[in-house]
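Survey of secondary and tertiary structure
Here is what each chain is made of, one letter per residue.
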Amino acid sequence: MPSSGALPLRQRATCYCGLPRTAAASTSSSSPVHAGSSSLSTDARQAAKDRIAAVDAAARQVPLKTGPGGAPAGVKQIVAVSSGKGGVGKSTTSVNLALSLSALGLRVGLLDADVYGPSIPQLMNLSGQPFLNRENKMIPLENYGIQVMSIGFLVDSPEDRYKPIIWRGPMLQKALHQLLHDVAWNDVDILLVDMPPGTGDVQITITQRAGLAGAVVVSTPHDLALLDARRGLRMFEQLKVPI
């Protein structure tokens, strides 16, 4: 439960992401939301709505895939949100995209794959452990119409929130597999995966096992951040993931 001074979910998300509150809050808005913009012309909104409708229609023709090398059951497309360096706004961008796509009428899921530093639960104002369905799969927590799963939900108590997760190799890959495939995603059009920074095991595992439809690389204008972002771009290019 949020503290007495906590902002409601939409206000928290818009404050973190820099979205205009009216644009992020309106489910009737059909245009992409950009930081610093408060309005778009009617023609631009209609054009964006038509493009989204075309993409959605195409996505609904794609059969659901499951198992290694494909999207998990209940998910049509997966897009990774990545960065070469931490602290550049990757997680807030993931929430920004999830809110915007949901406002455009798509069914959106958000997976926090940053196992060592999960921040999506706080950004999405969610807490508590997920329930299991009859198939023994975790039911994603939901807020603001977005299905969310994170390793942060599996922490037993608030005190453990600050306890470091010290995992290597097989344990890490098993956890990622469970977060992807042992979750009862409910007819998700786009699953956004908030990746950890860097180009390590998590990125390779997600890319190989999830069948990414594309990736977004987040950076700041700083030279060092751009240098690491280029490394991330090269990694996705080598793994043949569209940017």
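If you're wondering where the values come from, they're calculated on a predicted model, not measured in any experiment.

Let's talk about the sheet that holds strand β4 (residues 146-150)
Within a sheet, neighbouring strands are paired by backbone hydrogen bonds and run either parallel or antiparallel to one another. Within the open sheet, the six strands sit side by side as β3-β4-β2-β5-β1-β6. Their pairing is mixed. Two strands in the sheet have a free side with no partner beyond their single neighbour: β3 (141-143) and β6 (214-217). Strand-to-strand twist of the sheet, defined as the mean angle between neighbouring strand axes without regard to direction, takes the value 25°. Sheet topology note: the strand β2 (residues 108-112)/β4 ladder contains four bridges and is parallel. Bridging across to β4, D112 finds its partner in S150.

Things to note about the side chain of D114
Checked against the element boundaries, D114 lands in the loop between β2 and α5 (120-123). Buried charge without a salt bridge: D114, with K90 as the nearest opposite-charge side chain at an N-O distance of 4.2 Å. What D114 contacts, discounting residues up to four positions off in sequence, is K90, D194, M195, P196 and P197.

Notes on the nonpolar core
Membership of the largest hydrophobic core comes to 46 residues, with the highest contact counts inside it found for I78, I146, L191 and I206. For this core, the leading source of residues is strand β5 (residues 188-194), giving five residues. Leave out the neighbours within four places in its chain, and I78 touches A71, P72, L180, L191, V193, A210, L212, A213 and G214.

Examining the pairing of β2
Most of β2 sits out of view: five of its five residues are buried. Covered by surrounding structure in β2 are V108, L110 and D112 together with G109 and L111, the residues of both alternating faces. One ladder, built from five bridges, connects β2 with β5; its direction is parallel. Looking at β5, one finds that L110 is bridged to L192.

Here we look at the pattern of salt bridges
Where charged atoms of side chains with opposite charge meet at close range, the side chains can pair. Under the defined criterion, the tally for this structure stands at five salt bridges. D189 is the salt-bridge partner of K76, the closest N and O atoms lying 3.6 Å from each other. With a gap of 113 residues between them, K76 in strand β1 (residues 75-82) and D189 in strand β5 connect regions that are remote in the sequence. Owing to a relative accessible area of 1%, D189 belongs among the buried residues under this scheme. When salt bridges that share partners are traced, they join K76, D187 and D189 into one network.

Some words on the environment of V193
By secondary structure assignment, the location of V193 is in strand β5. Its relative accessible area of 0% is what places V193 among the buried residues. Remark: the alpha-carbon pair of V193 and L111, spanning 82 residues in sequence, is separated by 4.7 Å.

About the thresholds
- Counting from 1, residues in each chain are numbered in the order their sequence is written.
- For this predicted model, a pLDDT threshold of at least 70 governs which residues receive local features, and a threshold of 80 or more governs which side-chain atom pairs are given and counted, while totals over whole chains, interfaces and linings are taken from all residues.
- To get the side-chain values, all heavy atoms of the structure are used, and hydrogens and water are removed first.
- We treat two strands as partners when DSSP finds at least two bridges between them.
- Think of it this way: any DSSP run of H or I at least four residues long counts as a helix, any run of E at least two long counts as a strand, and we number them from the N terminus.
- Whenever a helix is involved, its axis is fitted only over the stretch in contact; in every case the axis is a line through C-alpha atoms, and angles between N-to-C directions fall within 0 to 180 degrees.
- Only protein chains enter the accessibility calculation, which uses a 1.4 Å probe; a residue whose area is less than 20% of its type maximum is buried, one above 50% is exposed, and one in between is partly exposed.
- A residue counts as positive if it is Lys or Arg and as negative if it is Asp or Glu; His and the chain ends are not included.
- We define a salt bridge as a side-chain nitrogen of Lys or Arg found within 4 Å of a carboxyl oxygen belonging to Asp or Glu.
- Residue contacts are counted whenever heavy atoms from the two residues lie within 4.5 Å of one another.
- Buried Ala, Val, Leu, Ile, Met, Phe, Trp, Tyr and Cys residues that are joined via side-chain atoms within 4.5 Å together make up what is termed a nonpolar core.

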